[in-house]
Structure formats: C-alpha cells, structure tokens
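The chain contents come next:
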Amino acid sequence: SVVTKHTCFLPGVQKYHRNITCAFVASEMYAHVIDNLTYEPRSIIRHIEETYKYTISYAKAWRAKQKIIEMRFGTYEASYDNLPRLLGVIEERNPGSSYEVKKFPSIEHPGKSVLQRAFLALHACKMAFVNCRPVLCIDGTFLTGKYRGQILTAIGVDGNNQVLPLAFAFVESENTDSWYWFLKLVKTKVVGMRPNVCLIHDRHAGILRAIGELQFGSMERGYPGVWEDVQSRWCMRHMGANFFKQFKNKELMNMFKRLCNQNQEKKFNELWKRLDELTAKCSDQRAAAPSTAVADPPQALGPLPTDSPTLVRRTGVEIRKFSQWILHEPKEKWAKAYDTGGARYGIMTTNLAEVYNWVMRGVRGLPLVGIVEFILHGTCRYFRDRFQAVLPSMPNNSILFGAFMQKKLEELRKKAMKHRALVQGTQQHRFEILCQDKAGRGIYRKRVKQECVLKADGTCHCSCAKPKLLHRPCTHVIAAAAECGIPDAVYVSQYFSKQAIYHTWSGEIYGFGI
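Positions within a chain are numbered from 1, following the residues in the order the chain's sequence is written. Predicted model: local features are reported for residues with pLDDT of at least 70 only, side-chain atom pairs are reported and counted for 80 or more only, and whole-chain, interface and lining totals are derived from all residues. Heavy atoms throughout the structure, all of them, feed into the side-chain values; hydrogens and water do not.

Engineer: Honestly, the overall build of the protein in this entry has me stumped. Any pointers?
Structural biologist: Across its full length, the protein carries 18 helices and 11 strands. Expressed along its principal axes, the backbone C-alpha trace of the protein runs to roughly 115 × 70 × 70 Å. When accessible area is computed with a 1.4 Å probe and restricted to protein chains, residues below 20% of their type maximum are described as buried, those above 50% as exposed, and intermediate ones as partly exposed. Looking at the protein as a whole, 47% of its 514 residues qualify as buried. The contact criterion used is simple: two residues touch if any of their non-hydrogen atoms lie within 4.5 Å. Contacts spanning at least 24 positions in sequence make up 65% of the contacts within the protein whose residues lie at least 6 apart. In the protein, 73 positive and 46 negative side-chain charges are present, and the distance between their average locations comes to 5 Å. Helix and strand definitions here come from DSSP, where helices need a minimum of 4 consecutive H or I residues and strands a minimum of 2 consecutive E residues; each element is numbered from the N-terminal end. Charged-residue counts in this description rest on Lys and Arg as positive and Asp and Glu as negative, His and the chain ends being excluded. Here the site of a charge means atom NZ of a Lys, CZ of an Arg, CG of an Asp or CD of a Glu.

Engineer: Can you help me understand the packing of helix α9 (residues 250-260) against helix α10 (residues 265-288) in this one?
Structural biologist: Angle between the axes and distance between the axes: these two values describe a pair of packed helices. Lines are fitted to the C-alpha atoms to define the axes, a helix being fitted only along its stretch in contact, and any angle between axes, read from their N-to-C directions, falls within 0 to 180 degrees. Between α9 and α10, the least distance of the axes is 10 Å, while the angle of their chain directions is 160°. By the angle class used here, α9 and α10 are roughly antiparallel. Seen along the crossing, α9 lies across α10 with a hand that is left-handed. Two secondary-structure elements touch here, α9 through Leu252, Met255, Phe256, Arg258 and Leu259 and α10 through Phe268, Leu271, Trp272, Arg274, Leu275, Leu278, Thr279 and Cys282. Side-chain classes are defined by residue name, with Ala, Val, Leu, Ile, Met, Phe, Trp, Tyr, Cys and Pro counting as nonpolar, Asp, Glu, Lys and Arg as charged, and the others, Gly among them, as polar. Classifying every residue of the contact of α9 with α10 gives 10 nonpolar, 1 polar and 2 charged. Oblique is the label for any angle not under 35 degrees, not over 145, and not in the 65 to 115 range, which are roughly parallel, roughly antiparallel and roughly perpendicular in turn. Put simply, a crossing is left-handed when the front helix is turned counterclockwise from the back one by less than a right angle, and right-handed when it is turned clockwise.

Engineer: So what exactly am I meant to see when it comes to the sheet that holds strand β7 (residues 231-234) here?
Structural biologist: Paired strands, in this sense, are two strands between which DSSP finds at least two bridges. Overall, mixed pairing links the 7 strands, which are arranged β1-β2-β5-β4-β3-β6-β7 in an open sheet. Each end of this open sheet is capped by a strand with a single partner; those strands are β1 (98-105) and β7. Averaged over all pairs of adjacent strands, the angle between strand axes in this sheet comes to 20°, irrespective of strand direction. Sheet topology note: the strand β6 (residues 198-201)/β7 ladder contains 4 bridges and is parallel. Along β7, the bridge assignment pairs Cys198 with Gln231. Lying on the sheet, helix α6 (residues 176-191) is in contact with β1, β2 (113-121), β3 (135-142), β4 (150-157), β5 (163-171) and β6; it crosses β2 at an angle near 40°.

Engineer: I would appreciate a short explanation of the layout of surface pockets in the present structure.
Structural biologist: Where empty space is left in the structure can be found by rolling a water-sized probe over the atoms. Only protein atoms enter the 1 Å grid used here, on which a cavity is any set of points holding a 1.4 Å probe that cannot leave and a pocket is any open set flanked by protein within 12 Å on both sides along at least five of seven lines; residues with an atom within 4 Å of a point are listed as lining. Grid points are joined across faces, edges and corners, and a volume is the space filled by probe spheres set on the points. Considered as a void within the structure, the second largest pocket measures approximately 520 Å³ in volume. Residue lining of the second largest pocket: 22 residues in total, with Tyr80, Asp81, Val114, Leu115 and Gln116 positioned closest to the centre. Partitioned by chemical class, the residues of the lining of the second largest pocket number 11 nonpolar, 4 polar and 7 charged.

Engineer: Would you mind going over the side chain of Arg344 with me for this structure?
Structural biologist: Assignment of secondary structure puts Arg344 in the loop between α12 (331-334) and α13 (351-359). We count a salt bridge whenever a side-chain nitrogen from Lys or Arg sits within 4 Å of a carboxyl oxygen from Asp or Glu. No salt bridge is formed by the buried Arg344; its nearest oppositely charged neighbour, Asp339, is found at 4.8 Å. Here Arg344 is in contact with Val135, Cys198, Ile200, Arg233, Trp234, Lys333, Trp334 and Asp339, once residues within four sequence places are set aside.

Engineer: Help me understand the environment of Ala416 in this model?
Structural biologist: Of note, Ala416 is situated in helix α15 (residues 403-416). Residue Ala416 is classed as buried on the basis of its relative accessible area of 8%. Sequence separation between Ala416 and Glu451 is 35 residues, and the spatial gap between their C-alpha atoms is 14 Å. Setting aside residues up to four positions removed in sequence, Ala416 forms contacts with Thr475, Ile478 and Ala479.

Engineer: Where do I start with the pairing of β6 in this structure?
Structural biologist: Within a regular strand, side chains alternate between the sheet's two faces. Of the two faces of β6, both are covered, the one formed by Cys198 and Ile200 as well as the one formed by Leu199 and His201. Of the pairings in the sheet, the one linking β3 to β6 comprises 3 bridges and is parallel in character. Its bridge partner being in β6, Cys137 is matched across the sheet by Ile200. Chirality of the crossover, the property in question, places the unit of β6, helix α7 (residues 205-216) and β7 among those that are right-handed. Assignment of crossover handedness uses the view with strands pointing away from the viewer, where a clockwise path from the first strand over the helix to the second indicates a right-handed crossover.

So this is what it looks like as structure tokens:
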C-alpha cells in the first residue's frame, strides 16, 4: 500500500457542537453548581470551553443551571406545594421550632388554595436569643427566581457582634400587612415575654405603620396592641441616604452620620448648629445655580403614621437647612444621644441584616425549598463554628468576655491611663476625671472634665453617657474604678460575657432526617 501525506486543508474547527446540549451541560456541571449555588452561567461557559474546547451560548448555560436546580430542588411550582410539608418536617426534627403558613382559596381552581406567606423560626435560634442583647435588626430582600416575592428577616447579635439568624418569612411584597404578620409572629414565637426589645429598621412606610399597629393597635383594622413595650429605632445609614436625597452633599451626609452617632448632648448641639449653617449655605448655592444644572430635585422625608392630620410638612424645595428637614422626626428614633435607656446597645444600623441578605444573594433565585435548605444548613454551620471558637476560652478564668469585648476593654484601659481621677464624693464613689483633649499639642493641653459615679449596686453613671448607651464602661469609669480598686469588668453587660456567648451557640439543629 502507498501512504501519502494529506493535502486537504481544514480552515478551522467549529466553535459549536450539536451534541453539547442543555441536558449534557446540566449533567456535566451538576456537582459544581450544587456545591456552589452562586455559580454563574459565565463560569459554566468557561468550564465547557476549557474542558471540551467548544463554546456555548449564555442562554444555554442559564437553561442548564435552571435544569440543575430543578433536578436538585424540584420545579418552582412544586416548591410552593412542598414548602409546608418541609417546614413541618423541620419542626418535627427540631421540637420547639415555629412555622406558620398563610393560604387563600384559589379562584381559578375551586377547592384548592394558594400559598401566600410562610414563616420559620428554629428552636435553637429562639433559645440563643435569650443570651443575646434585646436588639433585632429587621429588613427585607427580594426573590429573584421565576416567581417574585420578598424574604423578611429578623437578625439578632451575640456578644461578639456576630449575626444570629432568628426568623424568616416569604411574603408577597413589603407592605403594612405583611410586616405586621411577620412581626406579630416574631413577638409571639421568638420574643415572648421578654421586655423592651428594640427593633432597628429603615424608615419604610410599611414597617412604621406595622410597628405602630403592634404597639398601639388599629381601630380601622380591628387589631389590638400586642407589643406595647417594643422600642423602635431607625437605621443611621438609611437616614444618611435620605439626607443625601435632600442636600446632595456627601461630606454633609457624613457629618449627619456623626451627629447620629454622637453620645454627648453638648457635642450633639454643637454639631447640629454647624450642620445647620453648612446645609443652609449648600441650599443657597444650589438655588443660585442654573436650573439646568440641577440633576434632580431635593426630596424631603415622607410623613409618619403618627403625624397629626393638621401637620403640613415642607416639600424638598421649601427646605433650606437641616433643622427644617429633621423638624418632625423624634430624636430618640435616629440619635444615639437621645436613645432612651440605651435600647440600641450602640447598634446604629441594620448592617447585620444587610450582611445576611448578602450571604443569601446567590440563593434568592432558587425554589423556596432550596432557600429553606440553605438557611437551615447555613445556620447549623454558624452554631458549629462559633461554638468551637468560644469553647477553648471557657476553662481560662482570666478571660471573662468574648474576643470583641476583651479587645475593646484593652484599648479603653490604655486610654484610661492618660486620665486623672480626682475623688469628689464623701459617701459615694464620685469622681471628676481630667482627660487630655484629643486635639491638644505641645506643652499646654486643654483639660476636658467628666464626672462619673460608681454605684453600690454594680452600675455606674458618667457625664459622657457612654455607659448608659453602650452598656459597658467608658475610659472615665475605668480610670475611676482603678482609683478605688474596683474591677471595671463589673460594669460590662452580661450579654458580652463568654458564658452568654457559649450558651448562645450551644444549641443543636437537626436536618430533614433520613
């Protein structure tokens, strides 16, 4: 036989192959997507190119991912039917857990019902909340799957400033009725008889009306007040965003956040006055600018449910300075200095809830049963990892608090060494604290004075207001305690203790079973 060299020429390899179907891609990528539910279609395209040297379209990659999701969790339609049974299994496996489902009759299919809302709170999380500060951050985020809706979340915080997922609800949208339904269940199923729990939230009209109805009842809707002692506070970050919509100045917005976070009334008033001057100047400059230069008009804050019927609020155009913008907003809602009883425990934003929403960003497009499974396994991992983190410190008697508070106290003690404590009291431990001005330079330094009292019942008071607002000693109290030989640890809230953190994460969470 004669062997000759090929002389034909193939101009190029085809980019696409008809055998790389959607089903083939789904089979190939199943393990990758299930292990990482945030796996994006572009990553699927890249994997196929690297493995088989062919490319696929974005639409085919997207369909393949949807097929994988259906193979693992079922269809979106079936998940609405399976969700109540799944929640029932979770409650059976975790006695003491709470779930609630709300349905309404189907008009198109008589005799059948349509799932409208679902609520879940795990028993381990409910027990963990007992050892945490009485503060809940509430927020909502939207579903991105085939059927739209909202996930409402209530997030607690442990002594190490770590997220504690407490309750979740799938609802049709963020409105007064859905928030009322969710928060009423949070009260009855999670909070119980615990007094003065603080809710931190944005200034969403639906949340404001729902909390008002929970606290005072509603004659119009026939609801009695079921949570009379609830403390409602607004998120500083969302208020800052509202401030920017009015004055369009980022530096002034940051100054407003400093005002919100200020703990001393004297400094609060000085900063308010300065903010008034600068916002008035900013408004005058915007008014003098040509109308074409104004990208969007200023937006004033919307009305509150508690506003009097005769109250007329200024529009955004009519507002010239900060005092006019904030005139009708109660100070205790947004300013730390006026936080009654220190209900916030120093938490000024809903960032904890926002962080958890970010954690769920990759699963919001899953069927509902997939989201519940992610929440269950993720919460279980939180308990396991954080319990193991606090466990080594339990036998060590020199460690009294969690890592966050231990580090904070060390920083405060170093600063307190620069203070000078002068005894003033005759029968009580009352001190005048001389501390250096932060801006002092050179030989002469201005001396700032604070007065603090160490009480016999283990509490303390300081003119800087930090012990009352933050539930931990300030540098002035630490300096005074060192002067009279009292351990400063007695003035730290027990919610920061290592025992509280240990008991927070010692619960057990069980999966679906075999």
